[in-house]
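# Structural overview for review
Listed here are the chains, written in short residue letters.
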Amino acid sequence: MSLVEVSNVTKEYANGDETIRPLDGVSLTVEKGDYVSLMGASGSGKSTLLNLIAGIDRATSGNIVVADTDITKLSRGKLADWRAAHIGYIFQTHNLIPVLTAYENVELPLLLLPMSPAERRKRVEIALEAVDLTSRATHYPRQMSGGQEQRVGIARAIVANPTVVVADEPTGSLDDETTEQILQLLERVNNELGMTLLMVTHDAEAGSRAKRRIRLERSRLVENGTAIPTDPGQTAKLRSA
Ligand SMILES: Nc1ncnc2c1ncn2[C@@H]1O[C@H](COP(=O)(O)OP(=O)(O)OP(=O)(O)O)[C@@H](O)[C@H]1O
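Report follows, based on the coordinates. Because the structure is predicted, anything quoted here is derived from the model rather than measured. (Residues numbered from 1 in each chain as written. Predicted model: local features only at pLDDT ≥ 70, side-chain atom pairs only at ≥ 80, totals over all residues. Heavy atoms only, no water.)

Secondary structure summary: the protein contains eight helices and 11 strands in total. By the compact-globule yardstick of 18 Å for 241 residues, the protein fits well, its C-alpha radius of gyration being 18 Å. Relative to its full complement of 241 residues, the protein shows a buried share of 52%. For the protein, the proportion of contacts with a sequence separation of at least 24, taken over those separated by at least 6, is 70%. A total of about 11700 Å² of accessible surface is found on the protein, and carbon and sulfur atoms cover 48% of it. Separation of charge centres in the protein, based on 27 positive and 31 negative side chains, amounts to 4 Å. (Helix = DSSP H or I, 4+ residues; strand = E, 2+ residues; numbered from the N terminus. Rg over C-alpha atoms; globule rule 2.2 N^0.38 Å. Buried < 20%, exposed > 50% of the residue type's maximum accessible area, 1.4 Å probe, protein only. Contact = heavy atoms within 4.5 Å. Areas by Shrake-Rupley, 256 points an atom, 1.4 Å probe, with all protein chains shown as cover. Lys, Arg positive; Asp, Glu negative; His and termini not counted. Charge placed at Lys NZ, Arg CZ, Asp CG, Glu CD.)

Glancing now at helix H4 (residues 117-130). The first and last C-alpha atoms of H4 sit 20 Å apart over 14 residues, in line with the 20 Å expected at 1.5 Å per residue. Restricting attention to buried positions, one finds in H4 the residues Arg 120, Val 124, Ala 127, Leu 128 and Ala 130. The arc enclosing the buried residues of H4, seen along the axis, measures out at 155°, which places them on a common side. The exposed set on the far side of H4, more than 90 degrees from its buried face, consists of Ala 118, Ile 126 and Glu 129. Tucked into the core, H4 has its buried residues touching helix H3 (102-107), helix H5 (146-158) and helix H6 (176-191). Phi for Asp 132, located one or two positions after H4, is positive at around 60°. (Expected span 1.5 Å × (residues − 1). Arc of directions from axis to C-beta.)

With that out of the way, let us pick up the environment of Val 30. Note on placement: Val 30 falls in strand E2 (residues 18-30). Between the C-alpha atoms of Val 30 and Leu 198, which are 168 residues apart in sequence, the distance is 8.9 Å. In this structure Val 30 touches Ser 2, Leu 3, Val 4, Val 36, Thr 196, Leu 198 and Arg 212, once residues within four positions along its chain are discounted.

With that settled, the discussion passes to unusual backbone geometry. Despite not being glycine, Asp 132 shows a phi value in the positive range, around 60°. Residue position: Asp 132 is located in the loop between H4 and H5. Although it is not a glycine, Glu 169 sits at a positive phi angle of roughly 50°. Relative to the helices and strands, Glu 169 is located in the loop between strand E7 (164-168) and H6.

In this structure the tally under the stated criterion is 15 salt bridges. With a closest N to O distance of 2.8 Å, Arg 21 and Glu 12 form a salt bridge. According to the relative accessible area criterion, Arg 21 is partly exposed, its value standing at 39%. Judged by relative accessible area, which is 28%, Glu 12 ranks as partly exposed. One salt bridge connects Asp 70 with Lys 73, and the closest N-O pair in it is separated by 3.2 Å. (Salt bridge = Lys/Arg side-chain N within 4 Å of Asp/Glu carboxyl O.)

Every residue near the ligand is listed here: Tyr 13, Pro 22, Ala 41, Ser 42, Gly 43, Ser 44, Gly 45, Lys 46, Ser 47, Thr 48 and His 202. At a separation of 2.7 Å, an oxygen atom of the ligand approaches a polar side-chain atom of Lys 46. A distance of 2.9 Å is found between an oxygen atom of the ligand and a side-chain nitrogen or oxygen belonging to Ser 47. By residue number, the principal contributor to the shell around the ligand is helix H1 (residues 46-53), which donates three residues. Considering only residue class, the shell around the ligand consists of three nonpolar, seven polar and one charged. (Near = heavy atom within 4 Å. Polar contact = N/O pair within 3.5 Å; in protein donor to acceptor, adjacent residues only side chain to side chain. Nonpolar A, V, L, I, M, F, W, Y, C, P; charged D, E, K, R; others polar.)

Here is the structure:
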């Protein structure tokens, strides 16, 4: 079984009398250790798909199984607990809490998990080390550059050793040089820490750095120019062919 199995998922939003359907029967499998970029026109539903896989939003129909749990079947409360344990989220504008230090921002997701203070400390130190910010642990976000803030955001996303790291436009507000640093860091997170990464991006260069590149076109998924079939069984057959 794949790490992530999105099967025949549709998402509709009501917009007055109109129904918007950014995802129409999409299926996707992601293996452990994959690095997948998700591209497509503005409004095509990239963030919607990311948020469904991250358990932030709910599908209108279809199933999403992540590490053997069908998250479409979880209650609201159970889904929140599941998210805390399994998903690391990297935002476009890092969303750090300004009154907390880098260390405290990274520690935050661990406070939602059952863990001893000693274990928490160890994990925060490892995550800050991974993004090369040990020397900035006591700094507040306002004392850091945009790139450093995003690195804290990445440390916060990986600190709980999540099943999947999702990133929504992680380089969207950075200059070219800082974008390159963040893309290299994401590659290390994938290659060296072995984390599974799903990244939404507008930036063709950023998207091309992923191991797999998927596009959302007219509410359907396309990989390497070929539509991904709605039936995930067909996808598996295609991938093993
Ligand atoms: N909560 C919501 N309520 C109503 N419509 C929504 C909601 N969230 C998203 N939409 C609509 O669904 C469609 C897909 O939105 P989504 O944000 O997933 O697209 P996107 O590809 O990530 O766009 P962008 O690249 O501009 O961020 C858009 O038409 C958007 O307006």
